[in-house]
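Structure assessment
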Amino acid sequence: MSSLGSEGVLAGMTDDNLCMEIDPPLTDDYATTEDWRWALGKVVPSVVVLRTTICRTFDTEAAGASQATGFVVDKHRGIILTNRHVVKPGPLMAEAMFVNREEIPVYPVYRDPVHDFGFFRYEPSAVQFLDYDEIPLAPEAARVGLEIRVVGNDSGEKVSILAGTLARLDRDAPCYKKDGYNDFNTFYIQAASGTKGGSSGSPVIDRQGRAVALNAGGKTSGASAFFLPLERVVRALAILQIGNDSVTNKASIPRGTLQATFLHKGFDETRRLGLRSKTEQIVRNASPPAETGMLVVDSVVPYGPADKRLEPGDVLVCLNGEVTTQFLKMESLLDDSVDCNVELQIERGGKPLTLTLTVQDLHSVTPDHFLEVGGAVIHPLSYQQARNFRFQCGLVYVADQGYLLSRAGVPRHAVIKKFAGEDITRLEDFVSVLSKLSRGVRVPLEYISYKDRHRRKSAIVTIDRHEWYAPPELYTRNDSSGLWTIRPALPPESPLLSPPLTNRVADLSAASILLHDLSLQEPRQETDNRDNAVPERVIEPSLVMLEVHVPLSCMLDGVNSKHFSGTGVIVYHSRNMGLIAVDKNTVVVSVSDVMLSFAAYPIEIPGEVVFLHPVHNFAFVAYDPSALGPGASLVRAAQLLPEPALCRGDSVYLVGLSKSLQATSRKSFVTDPSAALDIGSSPSPRYRATNMEVIELDSDFGSKFSGVLADELGRVHAIWGSFSNYVKYNSSSSEGQHQFVRGIPIYAISQILDKIVSGADTGPVRLVNGIKRNMPLVRILEVELFPTLLSKARSFGLSDTSIQALVNKDPIRRQVLRVKGCLAGSKAENVLEQGDMLLAINKDPVTCFRHIEDACQQLDRCNQTNGVLTLTIFRQGREIEVAVGTDVRDGSGTTRMINWGGCVVQDTHSAVRALGFLPRVGHGVYVVKWCHGSPGNRYGLHVTQWIVEVNGKPTPDLDAFSAVTKEIEHGEFVRLNTIYLTGKPRVLTLKQDLHYWPTWELRFDPEIAMWRRTTIKALESSIV
């Protein structure tokens, strides 16, 4: 398999065949060691390491950071030659590092639309400490058998000099990817070698120190390297140099195209295609003796200049009356004939034809602008991808789905054909439709994919109600500065730019028309003699399917996926508010979009996360009953049955929803009503259920089925919820999140529900369906505990008296709770120790987690302001009493984050604190996500570390971090002091980029129940 060889990739690249090293040097009678020493001494100072950051996915290239090679071809004008797949077609920030470790900024001035070369420019005066020269280009020196050296970098670290011999000058252009960049309509040079990461753009030099080719790719299945000939490079460089030292626009280097791909086929094959002997004789006589074939049409792009004129298999004989058998001659004629007609003489199946075609400007079908909306990147379809997919150039192409389109299931590489009922043929059409839409609306979108090109597919796109992303923006390339200018895509009066008001539901669409079918308004009347028929029929109107989407820009609290789904149960339903209880493996964080589908009525409406229990695995999602229309009377809340608790052997009915929203149930038996959970922490800490006892059944519907456990009358004992556990097997490659389901007793859910409905708690106030409500506070002992059998506890020295007291308290469990660890920063942290056995609270024996919860609630009922529990513990052979403070937490979850340098930082969340470690006083801000193509990606500011100082200034919290970073200007280097989860300190530097990565904050506003986005610092000149 061929590979874009040689670019060293930090992140975001999928092609893993990048390579660069060459066989041991070959001897040559004409090149001595001294010759090569002289040549390399001249060349090496002119070779640079290029460190690039691709800021947005665009056209054929994905966002990310990479390393490659380039070399100076014009010292006085500051021009560096490298590969097109290094320069990239989209937004890019880059630096060049010379051999003496001088690093200077560079910016792209040209990338060829087809061939794999491009140019960076730099300020020559910026190189202060190195004596270097430019490397001359000598394409005419390339010949078979020439001994060469490839001078590049070894994965971006240091100079690597590799040897080889040119073996072929007429190799077909390599095919790298079916949906990415490929070169064509040119020969490549091949050498027996194996290039590796970082060598893209390396000069291929001869013994005189001249560049005879440009290293481009390699084949890992065999030690072969592919070099680009330099003839077209020399032409492009000469045009740039004529520009009087000023960087000109794309039209300064004329490039013509017929939107047709040609291959060079041998005369033997052209004969089989029908080439007449007479024509072959003419061609041979007019060509050099070494000519062995002719150019044959391989493919034609639809609706291009050659569409329906040229066909695959056509043999090109003459172009403008001249016999043309080489790519170089054909391209030269086309480049000199932009917007003019050319005459082609071809043979098709032995029949001569003469065609007149208009040469198109190649730059006109190479996009230089794109729309960014909801994280999605959309732009006109390029010639490169049109050729790959056989679509028309200029169609509206999805380069990156972002959150807006990935939520709708629209894939990357899709071509949008219709949006909100209007035909889309140009990007301007899409922007026009977008400008008419309001926040929260849901509109249809039709698209086609190259993988299933003959059928249109449809999706429902939801316009964000919350301010997850910046307003839509248009980026346009500016080759004079190397940057992409940014401007608002929508007019100021667009409804989409209006600030969010409240979390009210948008007008219902036509999909929610009143339905008068009797089966929707009354319970099913058909005869059903199954044992589970009654609970299934009773519970079905209370079941809801939840689809939860987490925006990619704000994946907080270590959340590991952007999409979750599961079944919840309605626990409260009135005219003003509905509440659904669901597990936290479905509703993971509050910063999410929730869509609700009801079993009782065919409608889908949004919901809002209003409470996330800080310990237990359940959350509450609110909905607006008025949004249900006539379905509001069909939906009802389930009857909860917190007491009596289930016992082993009790029969229950597991009721849930299938994917088609059909109620499904089965009768099961309780095998363990109080199984203690033991869930390990993942490498990137995220919520895990602790201090919980769950219900286990003898049979269920598998690990992906959730619902409720009910009695024979349909009263709910527990929700059957999903849990996530990080599992690592013996093989290092076999690890990840394991999903399982267990019953969550309804008592804790019922307690929180009562507080939400009554609004009597003194917790934070938030808006729920237009009504301000006090949300509950939860008092907890922030200690992770695990049960130990009393038989084991006796071996640790626990007295018979204590054991008997625990048995008397709970003759079934026969266990004692031990301390696994205290949450860092909790009031118990410096009081309790790992291994302590918890015997009693306020003299009352303790055997299960609920006893601790009851004791904490008793403090609230008694108005205990100090919140202290007196614990009797067993430690190191003796029983002692200690006073331990409790902590009060709300159910809001994380409500604030800052995006700086493309990294998401937040306050330390509880899953990290559960590991038992925080940095020194002040803690710092915690990094939970980094974005591809960001400074964080480029400089290695990755997740699971705290930023404790910025430029020597402490950053104990988000306010301090915001204040410090606000003082840093665009392009400045920043010194960061960080600490990993392991406690290991680290110092790193990062270059601030406010043009593509402004600093912004996302904060939940409880007054309107919306997430608001605020810009902290941006480069004003980047938005025009």
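It should be noted that the structure appears before, not after, this text.
Described in the following lines is the structure provided in the data block. This structure is a prediction, so every number in the text was calculated from the model and none was measured.

When helices and strands are tallied, the protein shows 18 helices and 63 strands. Taken over C-alpha atoms, the radius of gyration comes to 34 Å for the protein, in line with the 31 Å a tight globule of 1024 residues would show. For the protein, the spread of C-alpha atoms along the principal axes amounts to about 105 × 70 × 50 Å. Across the 1024 residues of the protein, 58% fall into the buried class. Long-range pairs, those at least 24 residues apart, make up 68% of the contacts in the protein between residues at least 6 apart in sequence. For the protein, the computed accessible surface area is about 40,900 Å², with 50% contributed by carbon and sulfur atoms. Positive and negative side-chain charges of the protein, numbering 107 and 117 respectively, have mean locations separated by a distance of 1 Å.

A word on helix α5 (residues 277-286). All of the buried residues in α5 are Thr279, Glu280 and Val283. Along the axis of α5, the buried residues cluster in a sector spanning 100°; they form a single face. In α5, the exposed positions angled more than 90 degrees off the buried face are occupied by Ser277, Lys278 and Asn285. In this structure, the buried residues of α5 make contact with α4 (267-272), β18 (293-300), β19 (315-319), β20 (322-323) and β21 (341-348).

Its location among the elements puts Arg149 in strand β10 (residues 147-153). Note on Arg149: relative accessible area 8%, which makes it buried. Considered as a pair, Arg149 and Arg387 are 238 residues apart in the sequence and their alpha carbons are 34 Å apart. Among the polar contacts listed, one links the side chain of Arg149 to the side chain of Glu147, at a separation of 3.0 Å.

In this structure the tally under the stated criterion is 61 salt bridges. Put simply, Arg271 and Glu280 hold a salt bridge, and the shortest N to O gap is 2.9 Å. In this structure, Arg348 engages Asp314 in a salt bridge whose closest nitrogen and oxygen atoms are separated by 2.8 Å. A residue pair is termed long-range when its members are at least 10 positions apart, and Arg348 in strand β21 and Asp314 in the loop between β18 and β19 qualify at 34 residues. Using a relative accessible area of 1% as the deciding quantity, one classes Asp314 as buried.

What counts, and at which threshold
Here the residue numbering is sequential within each chain, running from 1 through the sequence in written order. Restriction of local features to residues with pLDDT of at least 70 applies here, the model being predicted, together with a cutoff of 80 or more for giving and counting side-chain atom pairs; totals for whole chains, interfaces and linings are based on all residues. Hydrogens are left out, water is left out, and the side-chain values use all remaining heavy atoms of the structure. A run of H or I in DSSP counts as a helix once it spans at least four residues, and a run of E counts as a strand once it spans at least two, with each numbered from the N terminus. For this measure, only C-alpha atoms enter the radius of gyration; the expected value for a globule follows 2.2 Å times N^0.38, where N is the number of residues. The cut-offs for exposure are 20% and 50% of the maximum accessible area for each residue type, with area from a 1.4 Å probe on protein chains only; residues under the lower value are buried, those over the upper are exposed, and the others partly exposed. Whether two residues touch is decided by their heavy atoms; if any such pair falls within 4.5 Å, the residues are in contact. Here the open area of atoms and residues is found with the Shrake-Rupley method and a 1.4 Å probe, where only the protein chains shown may cover a residue. When charges are counted, neither His nor the chain ends are considered; positive counts come from Lys and Arg and negative counts from Asp and Glu. The atom standing in for a charge is NZ when the residue is Lys, CZ when it is Arg, CG when it is Asp and CD when it is Glu. Working note: the arc is built from the helix axis to C-beta atom directions. As used in this structure description, the phrase polar contact means that two N or O atoms lie within 3.5 Å; if the pair is within protein, one of them must be able to donate a hydrogen and the other to accept it, and residues adjacent in sequence are counted only when both atoms belong to side chains. The salt bridge definition used is simple: a Lys or Arg side-chain nitrogen within 4 Å of an Asp or Glu carboxyl oxygen.

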